[in-house]
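Observations on the three-dimensional arrangement
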Amino acid sequence: QLQLVESGGDLVQAGGSLRLSCAASVSIFSFKTMAWYRLAPGKQRELVATITPGGNTYYEDFVKGRFTIARDNARNTVYLQMNSLKPEDAAVYYCNTVPWVVVANEGPYWGQGTQVTVSS
C-alpha cells in the first residue's frame, strides 16, 4: 500500500534548524525524483527542493543556501535539512514524487505532512 510518512517538524526560533524525514512504503520511490513541497495558510502548495535518484538536486531560490535535500535509497527515505529558518518558512511540509503521485480514480496522493513553525 502506498504511503509517504513525513516527520521531524517542530516549533523552532528563527535562525534555528530542523531535519525532516520522509519514509516511503514502496521501493519504487528509489527510482523516482523526489521532492519536498510546503503549504502555508492562505497560499498554494509550492515546491521547495528536488532530488533525482542519482542525487542531483534543485532548490527554489527562497531556500537555496539554507536547505539541503538528501535521500537514502536503501531506506526509501528522503530528508530535508533546514538551517537558518525564517518565519516565512512556516508551513506544513510534504514529500512526494515529481510530479506528485496521482492515484487512479482517487486523484493526487499526499501524506499527512509535518508542521514546521518558526517563531520570530
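The following refers to the structure shown. The structure displayed is predicted, hence computed values, not measured ones. (Residues numbered from 1 in each chain as written. Predicted model: local features only at pLDDT ≥ 70, side-chain atom pairs only at ≥ 80, totals over all residues. Heavy atoms only, no water.)

1. Things to note about the nonpolar core
Our working definition: Here the nonpolar core consists of buried residues drawn from Ala, Val, Leu, Ile, Met, Phe, Trp, Tyr and Cys, with membership extended through side-chain atoms lying within 4.5 Å. Buried residues are those whose accessible area, probed at 1.4 Å on protein chains only, stays under 20% of the maximum for their type, while exposed residues exceed 50% and partly exposed ones sit between those limits. By the criteria applied, helices consist of DSSP H or I runs no shorter than four residues and strands consist of E runs no shorter than two, each listed in order from the N terminus. The contact criterion used is simple: two residues touch if any of their non-hydrogen atoms lie within 4.5 Å.
Counting 28 residues, the largest nonpolar core has Trp 36, Leu 80, Met 82 and Tyr 93 as the members making the most contacts within it. Here this core gets four residues from one element, more than from any other, and that element is strand E3 (residues 18–24). Contact partners of Tyr 93, with chain neighbours within four places excluded, come to Glu 6, Leu 20, Trp 36, Tyr 37, Arg 38, Val 48, Phe 67, Leu 80, Met 82, Gly 113, Thr 114 and Val 116. By size, the runner-up hydrophobic cluster in this structure holds five residues, among which are Ala 35, Tyr 37, Val 92 and Trp 110.

2. Some words on the sheet that holds strand E7 (residues 67–72)
So the rule is basically this: The pairing criterion is simple: DSSP has to find at least two bridges between the two strands. The axes are straight lines fitted to the C-alpha atoms, using for helices just the contacting stretch, and the angles between their N-to-C directions are given from 0 to 180°.
The antiparallel open sheet is built from four strands, whose spatial order is E1-E3-E8-E7. Of all the strands in the sheet, just strand E1 (4–7) and E7 have a single pairing partner and so form its edges. For this sheet, the mean inter-axis angle between neighbouring strands, taken without regard to orientation, is 15°. Bridging between E3 and strand E8 (residues 77–82) involves six bridges; their strand directions are antiparallel. Bridge pairing in E8 places Cys 22 opposite Val 78.

3. Digging into the pattern of salt bridges
Applicable threshold: Each reported salt bridge corresponds to a side-chain nitrogen of Lys or Arg within 4 Å of a carboxyl oxygen of Asp or Glu.
Per the counting criterion, the structure on display carries five salt bridges. When the shortest N-O distance is used, the salt bridge between Asp 89 and Arg 38 registers 3.0 Å. Of the two residues, Asp 89 is situated in the loop between E8 and strand E9 (91–97) and Arg 38 in strand E4 (residues 34–39); the sequence distance between them amounts to 51 residues. Just as Asp 89 is buried, Arg 38 falls in that class too. Put simply, Asp 72 and Arg 75 hold a salt bridge, and the shortest N to O gap is 3.2 Å. Residue Arg 75 is classed as exposed on the basis of its relative accessible area of 60%. Taken together, the shared-partner salt bridges in this structure form one network comprising Arg 38, Glu 46, Arg 66 and Asp 89.

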